[in-house]
There are 2 protein chains.
Amino acid sequence: MISQEKDSGNAATPDVPVRKSRAQPVTLREVAEAAGVSTATVSLVINKKKNARIAEQTRQRVKDAIRQLGYRPNAMAKTLVSGTSRFIGLVADGVATTPFAGQIIHGAQDEAWKHGYALLIANTEGNRDLETDAIAMMLEYKVRGILYSTWFHRPTVVPETLREADFVLVNCFSPEPGAARAVVPDEEQGGKSATEILLRGGHRRIAFINATTPAPARDGRLQGYKDALEAAGIPFDPELVLEAYPDQEGGYGATEELLKRNVAAVFCYNDRMAMGLYDGLRENGLSIPDDMAVVGFDNQEVIAAHLRPPLSTVSLPHYELGAAGVRMLLGLDEASNDSAVKIMCPAVERASVAVHSPA
Amino acid sequence: MISQEKDSGNAATPDVPVRKSRAQPVTLREVAEAAGVSTATVSLVINKKKNARIAEQTRQRVKDAIRQLGYRPNAMAKTLVSGTSRFIGLVADGVATTPFAGQIIHGAQDEAWKHGYALLIANTEGNRDLETDAIAMMLEYKVRGILYSTWFHRPTVVPETLREADFVLVNCFSPEPGAARAVVPDEEQGGKSATEILLRGGHRRIAFINATTPAPARDGRLQGYKDALEAAGIPFDPELVLEAYPDQEGGYGATEELLKRNVAAVFCYNDRMAMGLYDGLRENGLSIPDDMAVVGFDNQEVIAAHLRPPLSTVSLPHYELGAAGVRMLLGLDEASNDSAVKIMCPAVERASVAVHSPA
DNA sequence: TTGAAAGCGCTAACAT
DNA sequence: ATGTTAGCGCTTTCAA
């Protein structure tokens, strides 16, 4: 009944000893014995404590023993002593749902790793119970903090248990100001940048096909569009703002209305709408960018970069959101406490807007 | 110097006590004291040990104390005792690189969670050093096992340190048979299914635009194409197999060659090529599916479901790969030891192939 | 420069 | 039915 052989269940060839496989892991104590020193000493050399002076000879003996035995520190024991692990939790309501949400994981992971932290992720698919469990689990594993993220930019209510940890909201924010640190994309700047691409293309009469679905993006991008026009001294014409469901079909369906507006430039709420619009325009025998200059939003690689012609758009900074979230969590970035920190959405210019030949 | 106030650094309002925030976490011992029982008893009720009979009254007292104090077990201490954590590591060479690779995380996460495990992820971007570090970290945190995954299906060499853990390869495999458990997509079945969609559409002369880039997918899908033809009693005609770089441009560029083949049905190596081909066909005034029936591969949602017409294709089972990997790791699924387990690639029929009206 | 020893929070015999 | 106690592997005073 002695747990001496546990884990040996999958040796491919039972009669041959498993090479360097998981038997009982080597402990610090064993290293100490092998090196003929105390565990304290081993701990000291492992952690390279600056003050503690260890004889170079001893240090070497320890290092040799470590290598020899293939010692690996037990992070659990370490964490038990210190109280907090080198984990950062990431609770997401959908890695699945959207193709680019994965980028926030990616950004968080890279940044976390850079600071010696590993990412513990939980996909909750928006299920509150699952979410609670996930947060509980993270708390139990003594995570350094938790990133709570949503797959699209939106307001959210902070789960109660989240407050037991250090946390920051990513791609979402709490409606009550000052309630939580948060990082979100700068929709206004994005909408402005998108419009400016068209402006730089020499257009002054620019339509905007907004989404019908309420969201910070809907308001923000519209505001950005207005800001850009104003900055260019162009009066805002409500007639030029259409609305459609924000997907391919929506964009396609908006074609007719758009053509009635007698414009040669349009900013679409997102790339998928632009993709649909491409089809609609084509069916009307119109060419891009000559007959119609088009700008999207999101920079969904699969779409934007590969449409014909490639779509000029504005990038949703998912990677940066993840990274900034980690930085904010670790206190490396400033976090204004009464409003979310906004991350820039950079313009990505491709061929769907012709270069301006000044009049 | 007593570490009594650690973590109090971010109370928003210093003069007001932080509500239920992280002070010193409540320990099991404190619960025991509050309930007037021993720690063993508390442990017993927490873990619902079946044999140990605890007086209902006592049990209740303990539960109350737990609730009252907001006790959370320290998973680190638990793990330290038991030797292995409830973590499963996932080492990926690119969550970033491809839009659907995230699905394998998702599948792994869901399945892991289902069995009480949490996912610890590390994105290595193919960097071997990072990879080694990531594996080391996972080992140190005593993960139950490691999923080693690649973003596209390919052979891989198993990192040495990976063998220190229980592991399974996901979406990749070791060239030397029997060296590692693995789960991969069934490319041949996929290629066959894709071709069969066209066959069912009544086509007998079917072209295949394969990739120029060597990969299991390239060989497997071609084999599947051949298999399907053979099963339908159609002789294989090498003339009908073209090759192009597997992206939009490649598909677009292949249009001309394809049209020379005088076919009305084509199976494209992937959806992106199909997307490019759509453009090429359109420019030639050809319509889909009437003039040309098209089938893709991968089922990249953003593309396939929303092209005009929606693209019939075959789905790469990333989610299933992740889930199956976890199951195999936990010994829930059979793992044939000498070859990778193949996961089916289901056909997804949409409108790019017309329904067959038998002659 | 190094060692001894006291825990970190929890589980699991073994007692009672 | 419940309490005592000895660790799990490590860090960290405090001594030597």
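If you're wondering where the values come from, they're calculated on a predicted model, not measured in any experiment.

1. Section: the protein's contact with DNA strand C
1) Next: Around DNA strand C, the structure places 24 residues, and the nearest of them are A:Arg53, A:Ala55, A:Thr58, B:Leu28 and B:Tyr71.
2) Next: Of all DNA strand C atoms lying within 4 Å of any protein atom, the proportion belonging to sugar or phosphate reaches 79%.
3) Next: Between DNA strand C and the protein, one listed contact pairs a phosphate oxygen with a backbone N or O atom of A:Ser38 at 2.7 Å.
4) Next: Within the backbone of B:Ala77, a nitrogen or oxygen atom sits 3.5 Å from a base nitrogen of DNA strand C.
5) Next: Breaking the surface near DNA strand C down by element, the ones donating at least two residues are helix H2 (39–46) and helix H4 (75–82) of chain A together with helix H2 (39–46) and helix H4 (75–82) of chain B.
6) Next: The class makeup of the residues in the surface near DNA strand C is twelve nonpolar, nine polar and three charged.

2. A closer look at the domain arrangement of chain A
1) Next: Each assigned domain of chain A is listed here: domain 1 (12–68), domain 2 (86–185 + 319–343) and domain 3 (187–316).
2) Next: Between the C-alpha centres of domain 1 of chain A and domain 3 of chain A there is a distance of 62 Å.

3. Considering the pairing of strand S3 (residues 145–155) of chain A
1) Next: Bridge analysis of strand S1 (residues 87–92) of chain A against S3(A) gives five bridges, and the strand direction is parallel. Directly across from A:Val91, in S3(A), lies its bridge partner A:Tyr148.

4. Topic: the packing of helix H9 (residues 248–260) of chain A against helix H10 (residues 271–283) of chain A
All names here are of chain A.
1) Next: Their axes nearest at 6 Å, the elements H9 and H10 cross at an angle of 50°. Taken together, the axes of H9 and H10 are oblique relative to one another. For the pair H9 and H10, the crossing hand works out as right-handed. Taking contact as the criterion, the partners of Gln-248, Gly-251, Tyr-252, Thr-255, Leu-258 and Leu-259 in H9 are, on H10, Arg-272, Met-273, Met-275, Gly-276, Leu-277, Asp-279, Gly-280, Leu-281 and Glu-283.
2) Next: Looking at the contact of H9 with H10 residue by residue, the classes come out as seven nonpolar, five polar and three charged.

5. A short note on the protein's contact with DNA strand D
1) Next: Not every one of the 23 residues close to DNA strand D is listed here, only the nearest: A:Leu28, A:Tyr71, B:Arg53, B:Ala55 and B:Thr58.
2) Next: Within 4 Å of the protein, atoms of DNA strand D come from sugar and phosphate in 75% of cases.
3) Next: A:Tyr71 places a polar side-chain atom, nitrogen or oxygen, 2.3 Å from a phosphate oxygen of DNA strand D.
4) Next: Sort the elements by how many residues they give to the surface near DNA strand D and H4(A) lands first, with three residues.
5) Next: The residue makeup of the surface near DNA strand D, split by class, is twelve nonpolar, eight polar and three charged.

Procedures and definitions
Residues numbered from 1 in each chain as written. Chains lettered and ligands numbered in written order. Predicted model: local features only at pLDDT ≥ 70, side-chain atom pairs only at ≥ 80, totals over all residues. Heavy atoms only, no water. Near = heavy atom within 4 Å. Polar contact = N/O pair within 3.5 Å; in protein donor to acceptor, adjacent residues only side chain to side chain. Helix = DSSP H or I, 4+ residues; strand = E, 2+ residues; numbered from the N terminus. Nonpolar A, V, L, I, M, F, W, Y, C, P; charged D, E, K, R; others polar. Domains from an automatic or database assignment. Pairing = 2+ DSSP bridges. Axes fitted to C-alpha atoms, helices over the stretch in contact; angles between N-to-C directions. Parallel < 35°, antiparallel > 145°, perpendicular 65-115°, else oblique. Left-handed = near helix turned anticlockwise from the far one by under 90°. Contact = heavy atoms within 4.5 Å.

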